[in-house]
Amino acid sequence: MVENAVASAAKSARSALSRTTGADFRTRWKALAAEGLLSDAPRPPSGRAAGLGPVTTALAGIEGIGLAGAPAGLCYALASQRFGIQCPLRPVLSQEVRHSLGDVAGGDVLLCHALTEEGGGSDPLSMSTSAERQEDGSYVLTGMKAFVTAAPIADVGLVFARTSADRTPFALSAFLVDLRVPEVKRSDPFRKTALTEVPMGSLTFGGVRLAPDRLVGHEGSGLALLTVTTAWERAMLLSYALGPMRRVLERTVDWCKSREHFGRKMGSSHLVAARVADMALALHRSRELVYRMAARLDAGERPRQLAADAALTKISVAEDYVMFTQQATMLGGVRSFIEDSGLCPDLISPMAASTYAGPNDLLRVTVARELGLPVEN
Ligand SMILES: Cc1cc2nc3c(=O)[nH]c(=O)nc-3n(C[C@H](O)[C@H](O)[C@H](O)COP(=O)(O)OP(=O)(O)OC[C@H]3O[C@@H](n4cnc5c(N)ncnc54)[C@H](O)[C@@H]3O)c2cc1C
């Protein structure tokens with residue numbers, strides 16, 4: 001059933017991608033969104049009811065898009081908005097507020113998740129961006145967020161800000177901020193080396209007035225919401241890698257079957273075969289873990305309940321993705337370093353996965369603490 005959903009998504013993504021070859025990010029984003037991927041009720045595979053839950057259907061859609069050849073940065077951006085922003089916000093926002101955002105599902109409105117600052121990435125309580133409550137219940141937002149995916153082009157940001165000066169779990173709040181107002185200044189896109197197809201940048205808030213209904217949840221619940229957005233991200237964000245991994249495995253197998261060495265096919269070496277098998281194992285583990293997370297979310301498990309397993313999933317898939325790409329790079333020989341050889345894997349983007357959605361080593365600390373070790377960040 002999942003395979004049908006992936007194949008069906010790949011088929012429609014191929015047509016959307018070929019219609020928009022060479023087009024800018026927003027055009028391709030909208031073409032892929034038109035396939036229903038960003039909708040709260042993503043379309044099941046064509047022709048028959050698939051019996052898959054909405055999270056699994058969306059996951060199969062992301063995998064299919066990657067399998068169809070969508071650039072990794074585009075797959076990442078889709079997974080990041082769908083799973084890291086839309087899914088966690090859905091139970092928290094009223095229908096009116098959701099409606100006020102515009103057509104997110106259709107791809108007209110692009111969201112971003114603005115948490116990190118120049119001075120603090122892993123430690124959210126060190127943030128200095130603040131939202132000051134006014135007498136009429138509105139807020140005034142001042143500060144700067146950095147390293148935010150899609151910041152140069154996004155329409156609305158989920159922005160975390162300090163509503164109290166204290167370093168307590170209730171010091172932060174989250175807001176939906178229209179980024180198209182003059183009080184928001186965007187940087188030029190950063191010249192980044194990973195996931196290059198989606199821009200990243202900073203946002204400066206110069207006294208942005210926010211109506212009371214732009215507060216997500218209640219004042220002081222920002223850290224609690226962050227726990228939920230990060231649990232979703234850790235569980236599901238690496239889904240973006242599954243399609244690209246499948247493509248790399250396919251082309252590595254083809255290469256090993258066709259390349260002649262020492263008077264025989266390269267793939268008849270046991271060491272080469274073992275490396276290919278290791279790649280297949282890494283992909284298998286990653287798929288199993290991410291689909292398992294999706295199934296649990298579809299079964300109604302609360303993201304906070306599965307936070308510990310989500311952290312393990314994130315570490316495991318991120319590290320398997322790096323190991324997988326190393327094997328492919330080795331087996332491609334010199335062609336791995338020639339851009340138009342068709343065998344050049346992107347080594348940097350998998351490495352970036354060890355940093356976003358919680359650096360892997362900090363997640364290790366959390367895992368060990370859950371196991372009872374007296375260890376703090
Ligand atoms: C591709 C990409 C996309 C991103 N998109 C967004 C986005 O959309 N929105 C957003 O807000 N942010 C985004 N980020 C930023 C990301 O969330 C931060 O990079 C992350 O929180 C880590 O912060 P830092 O880079 O400042 O690392 P630091 O906090 O400086 O940590 C650096 C490293 O130090 C080590 N370390 C630090 N402290 C400890 C400790 N106590 N124990 C063990 N090891 C430790 C870890 O190895 C860690 O990786 C993105 C990052 C990347 C790479």
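Computed from a predicted model, the values in this text were never measured in an experiment. (Residues numbered from 1 in each chain as written. Predicted model: local features only at pLDDT ≥ 70, side-chain atom pairs only at ≥ 80, totals over all residues. Heavy atoms only, no water.)

Draft legend 1. Focus on the side chain of Ser202. Tracing the sequence through the fold places Ser202 in strand E7 (residues 200-210). Not counting chain neighbours up to four residues away, the residues in contact with Ser202 comprise Met144, Lys145, Ala146, Ala151, Lys185, Arg186, Ser187 and Phe190. (Helix = DSSP H or I, 4+ residues; strand = E, 2+ residues; numbered from the N terminus. Contact = heavy atoms within 4.5 Å.)

Draft legend 2. Just the nonpolar core, in detail. Among the nonpolar cores identified, the biggest contains 93 residues, and Phe83, Leu141, Val177, Phe205, Met236, Tyr240 and Tyr356 are the most heavily contacted of them. Broken down by element, the residue count for this core peaks at 10 residues, all from helix H8 (residues 270-298). Those residues in contact with Phe205, other than ones at most four positions away along the chain, are Thr129, Leu141, Thr142, Gly143, Lys145, Val159, Val177, Leu179, Glu183 and Val184. Residues Leu101, Leu115, Val156 and Leu172 belong to the second largest nonpolar core, which totals 20 residues. (Core = buried A, V, L, I, M, F, W, Y, C linked by side-chain atoms within 4.5 Å. Buried < 20%, exposed > 50% of the residue type's maximum accessible area, 1.4 Å probe, protein only.)

Draft legend 3. Representation of the domain arrangement of the protein chain. As far as domains go, the protein chain holds domain 1 (2-100), domain 2 (111-220) and domain 3 (226-370). On a C-alpha basis, the centroid separation for the pair domain 1 and domain 2 is 25 Å. The interface is formed by 17 residues belonging to domain 1 together with 15 residues belonging to domain 2. In total, about 1,400 Å² of surface goes out of reach between domain 1 and domain 2, with carbon and sulfur atoms giving 72% of it. Among the residues domain 1 hides against domain 2, the three largest losses belong to Phe25, Arg26 and Ile85. Together they make up 33% of the total. One can count one salt bridge joining domain 1 with domain 2. Between Asp155 and Arg26 there is a salt bridge, with the nearest N and O atoms lying 3.0 Å from each other. Taken together, the links from domain 1 to domain 2 amount to five residue pairs in polar contact (both at pLDDT 80 or more). (Domains from an automatic or database assignment. Buried area = accessible area lost by both parts, 1.4 Å probe. Salt bridge = Lys/Arg side-chain N within 4 Å of Asp/Glu carboxyl O. Polar contact = N/O pair within 3.5 Å; in protein donor to acceptor, adjacent residues only side chain to side chain.)

Draft legend 4. Representation of the packing of aromatic side chains in the model. For the structure on display, the rule yields six aromatic pairs. Ring geometry for Tyr240 versus Tyr321: centroids 6.2 Å apart, planes at 75 degrees, classification edge-to-face. With a gap of 81 residues between them, Tyr240 in the loop between helix H6 (222-236) and helix H7 (242-258) and Tyr321 in helix H9 (residues 307-332) connect regions that are remote in the sequence. One aromatic cluster is present, built from ring pairs that chain together Tyr76, Tyr240, Tyr321 and Tyr356. (Phe/Tyr/Trp six-rings, centres within 6.5 Å; stacked < 30°, edge-to-face > 60°.)

Draft legend 5. The arrangement of the packing of H7 against H9 in detail. Relative to each other, H7 and H9 sit at 25 degrees, their axes nearing to 10 Å. Looking at the two axes, H7 sits roughly parallel to H9. Relative to H9, the crossing made by H7 is left-handed. Residues Pro244, Met245, Val248, Leu249, Thr252, Trp255 and Cys256 of H7 form the contact with H9, whose own contacting residues are Tyr321, Phe324, Ala328, Leu331 and Gly332. Across the contact of H7 with H9, the residue classes break down as 10 nonpolar, two polar and no charged. (Axes fitted to C-alpha atoms, helices over the stretch in contact; angles between N-to-C directions. Parallel < 35°, antiparallel > 145°, perpendicular 65-115°, else oblique. Left-handed = near helix turned anticlockwise from the far one by under 90°. Nonpolar A, V, L, I, M, F, W, Y, C, P; charged D, E, K, R; others polar.)

Draft legend 6. Quick peek at the site of the ligand. Lining the immediate environment of the ligand, one finds 17 residues, of which His113, Leu115, Thr116, Ser122 and Thr149 sit closest. Note that a nitrogen atom of the ligand is positioned 2.6 Å from one of the side-chain N or O atoms of Thr116. Within the contact set of the ligand, a nitrogen atom lies 3.3 Å away from a backbone nitrogen or oxygen of Phe147. Of all elements in the fold, only strand E3 (139-149) and helix H11 (360-370) reach the threshold of two or more residues within the shell around the ligand. Per element, the largest residue contribution to the shell around the ligand is three residues, and it comes from E3. The residue makeup of the shell around the ligand, split by class, is nine nonpolar, seven polar and one charged. Counting residues domain by domain, the shell around the ligand receives three or more from each of domain 2 (111-220) and domain 3 (226-370). (Near = heavy atom within 4 Å.)

Draft legend 7. Summary view of helix H4 (residues 72-89). Here H4 spans 24 Å end to end across 18 residues, near enough to the 26 Å set by a 1.5 Å rise per residue. Most of H4 sits inside the fold, with 18 of its 18 residues counted as buried. (Expected span 1.5 Å × (residues − 1).)

Draft legend 8. Representation of unusual backbone geometry. Positioned with a positive phi, Phe147 is a non-glycine residue whose angle comes to about 60 degrees. Tracing the sequence through the fold places Phe147 in strand E3. The phi angle at Ala357 is positive, at roughly 55 degrees, despite the residue not being glycine. Position of Ala357 relative to the elements: it lies in the loop between helix H10 (348-352) and H11.

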